[in-house]
Structures are given as C-alpha cells and as structure tokens.
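# Structural overview
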Amino acid sequence: MASKSLDIVTQPSVELRSVEQWKSDPQIVSKHNPVENDFILRTVIENLNDGVIVTDLHDRVLHVNSRLAKLVGCSASEMIGLPACNFLSLIEGWSFFGSSTDVAMPSGSCEWRECQLRRQDGRQFWAEVNSTPLHDDDRNPIATLITVTDITERKWLEEYLRLLESVVVNANEMVMISQVEDDIDPLELRIIYINEAFVKVTGYAAADVIGRSAELLVGPKTDLEELDRIRIALKNHESAKAELIFHHQDQSYFWADINTVPIRNEHGQVTHFVSVMREVTERKEVEEQLRRNAFHDPLTGLPNRLLFTERLTQVITRSREQENNLFAVLFLDLDRFKVINDSLGHLIGDQLLIAIARRLESCVKRSDLVARFGGDEFTILLDNIQDESSTHQIAERIHLELSHPFNLDGHEIFTTVSIGITLSSTDFKCTEDLLRGADIAMYRAKALGKACHEVFDTEMHDQAMLQMQLENDLRRAVEREEFVVYYQPIVSLTTGRLAGFEALVRWMHPERGIISPGDFIPIAEETGLIVPMGQLILWEACRQISEWQRLYPQHRRLSMSVNLSSRQFSQRGTIELLRDVLKETGLSPACLKLEITETAIMENTESAMDMLLQLKSMGIQLSVDDFGTGYSSLGYLYRFPMDILKIDQSFISRVDTDGEKLELVRTIINLAWNLGMDVIAEGVETTKQLAQLKMLKCEYGQGYLFSKPMSAKNTDIFLTQANPLEHVSQMLPSWP
C-alpha cells in the first residue's frame, strides 16, 4: 500500500487548506505533520520553473503542475486521469513512461534525456526530461515522477555558437582572441584563441601562440608608431583599425588589415579583444608600385615631374624664410634624340636615356635632385648653391660628362644636351614660372646651336611675351571655334572589330597650321580655357557619333570616348551640359564614355564621388585615363564607380620587351577584372605588343597599329569600308 504521504500527493480530491489553518488546529498539528508537509511540498512543486507530472503504472496522470500544463499547451484539469503520452508526445521514438511492472526500474534508478517534444498545437520544443520511479515503503513501484525543463533557448544558443564557431574556424580572415587582464599592456595580453587562417598565414601553430601575446608578430618592419596608436585605443577600450606589417614565423613580412574590437560582459566590463586580420600584401605591393610610378620615371628610376615640382615648391617656400638660401633650376633637353630613336630604334633610345640619367646623377651632390620630366627632357634642382658661377660649373660638368660616347649594344653613340637655367634671384616667385623660365632658356640654348647652356634673363622676356601671345591666340581660337576633332579607333582585341572612337582635339591655327595638343592643352588647363574648349569638343563628338550611327547601321553600337579635364570635372554645370548634349544629339548615354584622369579624381575625393555617381545614374560609362601615371589609391579605386581602366602607353610601349612591365600590366588587368572593369591599352604600335595584350586577355586597344587619329572626313571613308581593320586581322589570323 502507498504511504499516507503518497496518498495525499496523488489524490487531487484532498481539501487544501492554508498553513495557518493547519497550524491553528491542535488536533492535527504535530512535530511531523504529514498534511502540512504535503501542502508545503505541493506548493513547492507548483512554483517550480520546471514542469512536473506524476503518473501511475498505467501512464495515467495523477498530478501535474501549472508549468508543465503551460509547456504542453493545455490545462492541468484536462490532463488528470488521461495517459501522459497524450500530452508529452515525443518527436522520436524513445519513451520515458512505464506501462507495466516488467519495465520497472531498480530502486533509485532514473532516466534522463534531451529530446524534442510536440505541444498540443503541433509546435515543437526542446526539453530536458527526467523520469524517476516512485516506490512504497516496501520498495514496490507505484508511480513515476517526470520533470520537464524547456531548453529550447539553450539549444538554439548552442547551435548558434556552433555555427558561429564554424564560421570563425573556416573564415578566410585571421581571427585572434586575447583575454583582458588588469594592468597589462593591451599588446601583451595572452592569446586564448586563433583560427586556422591565422595558422595558415603566419606559419605559427596554435601551440606556439596560445598563452603568448600578439607581439610575437612584431618585427623590424612593423610601424611602432602605429602600434602605439593601437595600444592607446585599446587602453581606452575603443576599437582600433590599422594596416600594419607583421612577420611570419620565418620572419618574412606580410601586410595585414587589422580590426580589433573590445568584447564586454553583461556588466559592461571589457573581458576580451577580438582581432580580425586580413592579409593585404598583394594589394599593398601594387599600391607601392603605383605610388612609385606616380613619383618616379619607370624607365630611368629618376623622380618624375610630379616629385620634382613638389620638391621645388618646398625649396621656394624655404628660400622665402631664409634669404641666403640660393638655388637654381636646370632644364635639359637632349639634342637630336629623335634621330637616334629613328635610326637605332626605341630600345637603344631607352638605353641611352637610362645611361644619361646615371651620368647626370654623378654630376651633382646627393642633396640635389635629378628628374626626368618626360621624353628626352630632364630637370635638375641645385639646392644651397654658393652663387651663379657654381651653377655654370655644374652645367659645364654635365656637358663634359655627356661628351664621352655611350656604348650600347655595340653602337657608339654621341649626344649633347641643351640646358636652360633659372636662378632663384630672378623675379619668378612660383614653381611654374621658374620651370617656364628654364624651359625658355633651354630653347634659347637650342637656337644658339645646341650643346650649350643659357641663363634666363630680361633679354628673354620677349620670348615669354611670345608665349603669352600664344595664350591670347588660344582665347581667340575658342571664340572662333578653330578647333577640330580627330577620331582614333578603339578596337576589340577579342574580335578584332571596331568598338568605338576616342575624340582628340586639334588646333587649326590660322597662321601656324595644325598645332599639337601637347603645345596648347597645358596652357588651356592653366588659363581655364579648357572648359569652353571641352564643351565644343563634347558637342561635336557626340553629334558626330550619333550621325555615324544613323548613317551606318552596322556601326550603331559604336561608342565615343571624350576626355573630361580636371576643370570640367569640377565644374558645377557639367551635369546639365551633358544632359543637354545627349538630348540635342539624340545619343544614348550608354554610347558615351567620359575619360577622367586619376589626378582629377584624387584632387577632391568627396566631390569626385558625388560627380561620378551622378554621371553613372545618367547611364554614362566612366573611364580612368592614363592609369598608373598618377597617384592611385586602391582604397579609393574600390570605392569609385568606374567602368574602364585605360593603361597608359608608357606601360604598353615596353610590354613586349620588358618582363617587369609585362607583369605590371598583368597585375593592372587582373585588378580591373576584380573590380568588374574593362581594360583599354593605349599606344599599341607593334604586333608583338598586340600579341602580348591578347595573351593577357586585355579587352580593348588603340594606337598607331590600328590607325592614327583621323579627321571626320577620313573617318567617314574608314567606316564605309567593309572591314576597316582588315590589315590588323591579317597580322593576327586568329581573329575572325
């Protein structure tokens, strides 16, 4: 028989009274009052967070608390007397309900399991179920006590953490977790976790890292100042981002993009730091190469025009503060260099330029600056000179050094140089004027027979006036519309077919004839005349391509590339102008490609982004012109919505002979692909260059190999031909 205490627990008809009522009855109250004990026990069970159910040996419900009833989705009164399996339905086939004495468990034994249960409305939940047999005084099983704990949230959290751990373990980015300890430098905190990517990149095994600090990655190339900045941020419990050089286990270095964030507990205290690192070595090397290209001549390794003008500006500023600081600018141009190029070829010409660069460097002090300005032009900045005579001595030394023959590939080559000099004692106060004065003096030296040097003085002022006359002529040329547009084909290197044209401006001077853009574009940029000139070119180019599309249906998809100068790019009315041009000419925006230089984009990145987004919204395609010759930040390049990269001809000219140039072009093309951009190679002049570009899978090309720039009339004739590029197809018969 069941004990009285069990009878009370399992009989729902027992009258429930308050503890005070029981205690006030002297006939009932005793030291071991079973009724009071049962009441307390039932009260405790009712207030448990776990669901509780008691069943007899036939699975019938004897007692159930409200928590269990809520879990299964029905009332306690509905469950009494019915089989428990009606309410606690398992998703899978394990049972915790005993139905006969054959399955009775030994004394004190119980069953425990995590399983999924189904509520009365069909919804599922995870539960921790404990099944315990109840016995009478003779240890005979008389009932089963089952407790049910809802662990759905815990199981979800466990699954979430499992998935999160899987993501971290298998992430491509390196993950490192450090534990915060009091009074310990943030960079010396113990590492408690690294993922597989960390091991793969750094070469350190987990056993080599766990328990040590992140300083094991610090090496001789690491920027310690940047580390200090990170240390301060972490001490203040702030996030820190940086790009740093770290070192592998073998001490070779790599670049890493690091983002470290503090992890706080429920009390807001920082307990850990999580660092996510991505190796960016390849990108940084490309940036460094592009940065070097921006400030150095790729052929000679000398500083280029940009670096020279920056250094000259600094010297001018210093000389204003220090009156005794004298300096001089030398502008050098090789005499008859074109003859050498034409007779012996560009390869020998390039070798000669390299050899001249080395001799020029030997003629000056280490503190002076020798630069290649472009083509066969060099500049020298002589800083802290004693007087004008010391400048003449340097010029004489240069003439003497260059008088010795150059032996290049079995050729003995003699060359001379014309030098123009501007002294800091002149009235010129800015970089451009000093360079212009030296340039004018150089042309005076050429006029006097070459192989000599001249110092700019007042006698040359008239020549400067002639330059001003050219500027005036340019202003009138804009008013009289003396400019004409020439068109150079852009060819698909995949099909060998015409893809479009680039519009190139020519000045039809009434007295001097056709003037090359190189002679007037810099003046137009400097004076702002490039804006009205650019508008004329834009109107005419769009009108002309629209007309050709109508006249020649087979070329209705031809595009027109038009250069947008820095000044035009920064003009507020440019967007309205483009809308008017497209509307008036009827040209589809998709057929217009605007070429914008890196310099124009980088001058003001915020306004540039706004302008580019507006142009993109109009459907116009955007091209980065002369890529690699200006300062390129890949971080910005990734941000800007550009469609095309135009590789400057300085890279293409040696792609068939210079392995380093070839690899650089390959890198640029791969970069463009990664950004979803097309590539156009400028200055394609030989079939070898073309073959290399096809091998690199460059999409488009333009250059003299395909066609020189043509007038509109000649372009008309060009388009009437059945296959205007047949001569190129014959060079590479793999084209259809």
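Our subject is the structure listed above.
Residues numbered from 1 in each chain as written. Predicted model: local features only at pLDDT ≥ 70, side-chain atom pairs only at ≥ 80, totals over all residues. Heavy atoms only, no water.

## Remarks on the overall build of the chain
- Helix and strand counts for the chain come out as 28 helices and 27 strands.
- Out of the 736 residues belonging to the chain, those deemed buried represent 46%.
- Excluding contacts between residues fewer than 6 apart, the proportion of contacts in the chain whose partners are at least 24 apart in sequence is 59%.
- Accessible surface, the chain: about 37700 Å² in total, of which carbon and sulfur atoms supply 50%. (Helix = DSSP H or I, 4+ residues; strand = E, 2+ residues; numbered from the N terminus. Buried < 20%, exposed > 50% of the residue type's maximum accessible area, 1.4 Å probe, protein only. Contact = heavy atoms within 4.5 Å. Areas by Shrake-Rupley, 256 points an atom, 1.4 Å probe, with all protein chains shown as cover.)

## Focus: a nonpolar patch on the surface
- A contiguous nonpolar patch, built from Trp156, Leu157, Tyr160 and Leu161 and spanning about 450 Å² of accessible area, is present on the exposed surface.
- Relative to the helices and strands, Trp156 is located in helix 6 (residues 152-170).
- What makes Trp156 exposed here is its relative accessible area of 57%. (Patch = residues over 30% accessible without salt bridge, like charges linked within 9 Å, V, L, I, M, F, W, Y side chains within 5 Å. Salt bridge = Lys/Arg side-chain N within 4 Å of Asp/Glu carboxyl O.)

## Here we look at the sheet that holds strand 11 (residues 270-279)
- A sheet is described by the order of its strands in space; here five strands give the open sequence 8-7-11-10-9, paired in antiparallel fashion. With one partner strand each, in any of the chains shown, strand 8 (191-194) and strand 9 (240-247) form the two edges of the open sheet. Sheet twist, expressed as the average angle between the axes of neighbouring strands with direction ignored, equals 25°.
- The pairing of strand 7 (residues 174-179) with strand 11 spans six bridges and is antiparallel. Within strand 11, the residue paired with Met174 across the bridge is Met277.
- Against the sheet, helix 9 (residues 224-235) makes contact with strand 9, strand 10 (253-264) and strand 11, and its axis sits at roughly 135° relative to strand 9, the strand it touches most. (Pairing = 2+ DSSP bridges. Axes fitted to C-alpha atoms, helices over the stretch in contact; angles between N-to-C directions.)

## As for helix 20 (residues 574-585)
- The first and last C-alpha atoms of helix 20 sit 16 Å apart over 12 residues, in line with the 16 Å expected at 1.5 Å per residue.
- The set of residues buried in helix 20 consists of Thr574, Ile575, Leu577, Leu578, Val581, Leu582 and Thr585. Down the axis of helix 20, the buried side of the element spans an arc of 160°, and every buried residue falls inside it. Away from its buried face, by an angle of more than 90 degrees, helix 20 presents the exposed residues Lys583 and Glu584.
- Trailing helix 20 by a residue or two, Gly586 shows a phi angle of about 75°, which is positive. (Expected span 1.5 Å × (residues − 1). Arc of directions from axis to C-beta.)

## Some points on the nonpolar core
- Ranked by internal contacts, the top residues of the largest apolar core, which has 86 residues, are Phe483, Phe501 and Leu592.
- Tallying contributions element by element places helix 18 (residues 530-551) first for this core, with nine residues.
- Those residues in contact with Leu592, other than ones at most four positions away along the chain, are Leu538, Cys542, Met560, Val562, Leu578, Leu582, Leu587, Ile620 and Gln621.
- Grouped together as the second largest cluster of nonpolar side chains are 34 residues, Leu360, Cys363, Leu382 and Val417 included. (Core = buried A, V, L, I, M, F, W, Y, C linked by side-chain atoms within 4.5 Å.)

## Some words on the packing of helix 13 (residues 346-362) against helix 14 (residues 388-403)
- Close contact between helix 13 and helix 14 brings their axes to 10 Å; oriented N to C, the two are set at 140°. In terms of orientation, helix 13 lies oblique with respect to helix 14. Handedness of the crossing formed by helix 13 with helix 14: right-handed. Between helix 13, through Ile356, Arg359, Leu360 and Ser362, and helix 14, the contact on the second element is made entirely by Ile398, Glu401 and Leu402.
- Tallied by class, residues from the contact of helix 13 with helix 14 come to four nonpolar, one polar and two charged. (Parallel < 35°, antiparallel > 145°, perpendicular 65-115°, else oblique. Left-handed = near helix turned anticlockwise from the far one by under 90°. Nonpolar A, V, L, I, M, F, W, Y, C, P; charged D, E, K, R; others polar.)

## A word on the pattern of salt bridges
- Enumeration according to the criterion identifies 33 salt bridges in this entry.
- One salt bridge connects Asp56 with Arg60, and the closest N-O pair in it is separated by 3.0 Å.
- Residue Asp335 pairs with Lys446 through a salt bridge whose shortest N-O separation is 2.8 Å. Of the two residues, Asp335 sits in the loop between strand 12 (327-334) and helix 12 (337-344) while Lys446 sits in helix 15 (residues 431-447), which places them 111 residues apart along the sequence. Each of the two residues, Asp335 as well as Lys446, counts as buried.
- Connected through salt bridges with shared partners, the residues Glu114, Glu128, Arg154 and Lys155 form a single ionic network.

## Things to note about the packing of helix 11 (residues 305-321) against helix 15
- One can describe the packing of helix 11 onto helix 15 by two numbers: an axis separation of 9 Å at closest approach and a directional angle of 110°. When the axis of helix 11 is compared with that of helix 15, the two are roughly perpendicular. As helix 11 packs across helix 15, the resulting crossing turns out to be right-handed. Counting all contacts with helix 11, which are made through Phe308, Thr309, Leu312, Thr313 and Ile316, the residues of helix 15 involved are Thr431, Leu434 and Leu435.

## Description of the pairing of strand 12
- In terms of burial, strand 12 is largely enclosed, as eight of its eight residues are buried.
- Both faces of strand 12 are covered, namely the face carrying Phe327, Val329, Phe331 and Asp333 and the face carrying Ala328, Leu330, Leu332 and Leu334.
- With seven bridges joining them, strand 12 and strand 17 (residues 417-423) adopt antiparallel strand pairing. Opposite Phe331, over in strand 17, you have Gly420 as the bridge partner.

## Focus: the sheet that holds strand 17
- Spatially, five strands are ordered 13-14-12-17-18 in an open sheet, and the strand pairing comes out mixed. What marks the edges here is a single partner per strand, and that holds for strand 13 (369-374) and strand 18 (453-455). Pairs of neighbouring strands in the sheet enclose a mean axial angle of 20°, with direction left out of account.
- Inspection of the sheet shows strand 12 paired to strand 14 (residues 377-383) by seven bridges, in the antiparallel sense. Across the sheet, Leu330 pairs through a bridge with Ile380, a residue of strand 14.

## A word on the environment of Glu310
- Positionally, Glu310 belongs in helix 11.
- Judged by relative accessible area, which is 37%, Glu310 ranks as partly exposed.
- Glu310 sits 15 residues away from Phe295 along the chain, and the two C-alpha atoms are 9.9 Å apart.

## With respect to the packing of aromatic side chains
- Under the criterion given, the structure shown has 10 aromatic pairs.
- Between Phe483 and Phe520, the ring centres sit 5.8 Å apart and the planes meet at 40°, which makes this aromatic pair tilted. Residue Phe483 is found in strand 19 (residues 483-492), and its partner Phe520 is found in helix 17 (residues 517-527); the two are separated by 37 residues along the sequence. Each member of the pair, Phe483 as well as Phe520, carries the same accessibility label: buried.
- Connected via pairs of aromatic rings, a cluster forms that spans Tyr487, Phe501, Trp548 and Phe718. (Phe/Tyr/Trp six-rings, centres within 6.5 Å; stacked < 30°, edge-to-face > 60°.)

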